[in-house]
Amino acid sequence: MNVSSAPVAGIGDAGRPGSTIPAATLLAAWRAFAVVFFSACALAEIMAVILFVGRERRLAARTEWLHRWCRFACRVLGIRVTTLGAMPRSGLLVCNHLSYLDIIVLSSIRPCIFVAKRDVAGWPLFGWLAHAAGTIFVDRQRPLATAFAVNRIHAAIATGLPVVLFPEGTSSDGSTVLPFKSALLESAVQLRPTITAASIDYDVDDGSVSDEVCYWRDMTLVPHLFNLFFKREIRANYSFSPARIRAGDRKQLARELRDDIVSMRS
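Positions within a chain are numbered from 1, following the residues in the order the chain's sequence is written. Per-residue local features of the predicted model are confined to residues with pLDDT of at least 70, and side-chain atom pairs are confined, for both listing and counting, to 80 or more; whole-chain, interface and lining totals are unaffected and use all residues. Only hydrogens and water are set aside when side-chain values are computed; all heavy atoms of the structure are taken into account.

## Here we look at the environment of Ala198
Numbered from the N terminus, helices here are DSSP runs of H or I no shorter than four residues, and strands are runs of E no shorter than two. Tracing the chain through its elements places Ala198 in strand S6 (residues 194-203). Remark: the alpha-carbon pair of Ala198 and Ser99, spanning 99 residues in sequence, is separated by 14 Å. Ignoring sequence-local partners within four residues, the contact set of Ala198 consists of Leu93, Val94, Cys95, Asn96, Ser239, Phe240, Ile261 and Met264. Note on contacts: a residue pair qualifies if any of its non-hydrogen atoms lie within 4.5 Å across the two residues.

## Topic: helix H5 (residues 143-158)
Here H5 is 16 residues long and its end C-alpha atoms lie 23 Å apart, about the 22 Å a rise of 1.5 Å per residue gives. Summarising the contacts, the buried residues of H5 are in contact with strand S2 (92-95), strand S3 (113-117), strand S4 (136-138), strand S5 (163-165) and helix H6 (186-191). Just downstream of H5, Gly160 is the residue with a positive phi angle, here 95°. By this rule the span expected of a helix is its residue count minus one, scaled by 1.5 Å.

## Here we look at the layout of surface pockets
Of the pockets and cavities examined, the largest pocket occupies roughly 300 Å³. Only protein atoms enter the calculation, which uses a 1 Å grid: trapped sets of points that fit a 1.4 Å probe without letting it out are cavities, open sets showing protein on both sides within 12 Å along at least five of seven lines are pockets, and any residue with an atom within 4 Å of a point is a lining residue. Along its surface, the largest pocket is lined by 21 residues, and His97, Lys117, Val120, Thr170 and Ser171 are the ones closest to its centre. Sorting elements by how many residues they give to the lining of the largest pocket places S3 first, with 3 residues. Grid points are joined across faces, edges and corners, and a volume is the space filled by probe spheres set on the points.

## Re the pairing of S2
Here S2 shows a buried face lined by Leu92 and Val94 and a second buried face lined by Leu93 and Cys95. Pairing between two strands is assigned when DSSP locates at least 2 bridges connecting them. Across 3 bridges, S2 lies against S5 in parallel orientation. Paired with Val94 across the two strands is Leu165, which belongs to S5. Summary of the burial criterion: residues with accessible area below 20% of their type's maximum are buried, those above 50% are exposed, and those between are partly exposed, where the area comes from a 1.4 Å probe applied to protein chains only.

## A few points about the packing of helix H2 (residues 55-77) against helix H3 (residues 101-109)
When two helices pack together, their arrangement is given by the angle between the helix axes and the distance between those axes. Geometry is summarised by axes, namely lines fitted to C-alpha atoms with helices restricted to the contacting stretch, and by angles between N-to-C directions that run from 0 to 180 degrees. Interaxial distance between H2 and H3 falls to 7 Å at its minimum, and their mutual angle equals 120°. Accordingly, the angle class assigned to the pair H2 and H3 is oblique. The interaxial crossing formed by H2 with H3 has left-handed handedness. Contacts between H2 and H3 involve Leu66, His67, Cys70, Arg71, Ala73, Cys74 and Leu77 from the first element and Ile103, Ile104, Val105, Ser107, Ser108 and Ile109 from the second. To sort the angles, those under 35 degrees are grouped as roughly parallel, those over 145 as roughly antiparallel, those from 65 to 115 as roughly perpendicular, and the leftovers as oblique. Handedness of a helix crossing follows the sense of rotation of the near helix relative to the far helix, less than a right angle counterclockwise being left-handed and clockwise being right-handed.

## Re empty space enclosed by the protein
Under the definition given, this model contains 1 cavity of 30 Å³ or more. Computed from the structure, the largest cavity encloses a volume of approximately 430 Å³. In terms of lining residues, the largest cavity is bounded by 25 residues, among which Leu66, Cys70, Ile104, Phe126 and Leu129 are the most central. Elements with a minimum of two residues in the lining of the largest cavity: helix H1 (23-49), H2, H3 and helix H4 (126-132). No other element matches the 7 residues that H2 contributes to the lining of the largest cavity.

## Describing the environment of Phe240
As for its position among the elements, Phe240 is in strand S7 (residues 234-240). For Phe240, a relative accessible area of 7% translates into the label buried. Considering only alpha carbons, one finds Phe240 and Val204, 36 residues apart in sequence, at a separation of 21 Å.

The structure is reproduced here in structure tokens:
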């Protein structure tokens, strides 16, 4: 390919007569390169780091690593984060779920441990990063696997790191908050940690949040992510309730937390 034979427009030249490559295309190409290249660097870093970190510090080191790289990812992807209230430093954080961007944004705010469905482990690139970050994967179709995940969540909360849970069990288009599945809240009943509810929402100047930012239905990861590379800015709006200890069984907690998030979004 003879690159020098065709003029390449700079970002400020998009739309001018004679320009051949729109600014949005250049921006998307840079983001695609940055995501792949720097994710590979991040994986190489964490593989080296965990060899020299004691077992008792390993999970914290993984979350700090993901926090640092997600801050970088937000800058590369043009994600502007606005928060109302404070993300907790420990305990359980319960959120509605719209997209894989939820994980990037939350981790960019503070180091934390995520609980994700088992399917995420098989995603290209994101699955490897999630493994490296110490994510707790849950197979909701297998009761014994869910019970094992509850024990892991219990242990993660006990480390003093915030643990992020998406009780809807899947992501949605954001038009409503889906009913909460209560099984994974059993760890909160047993350990009685502080629990924070969080409302997640996004905004873009061009396009549809539900169709282009939210990741749901039968969407495919790579085309969805590549489309986001063309967005000049994505505004992530996160609201956090005060952290407090909540009483009740897991079903009651699920109802109360969902009601809190619905109220925050209205």
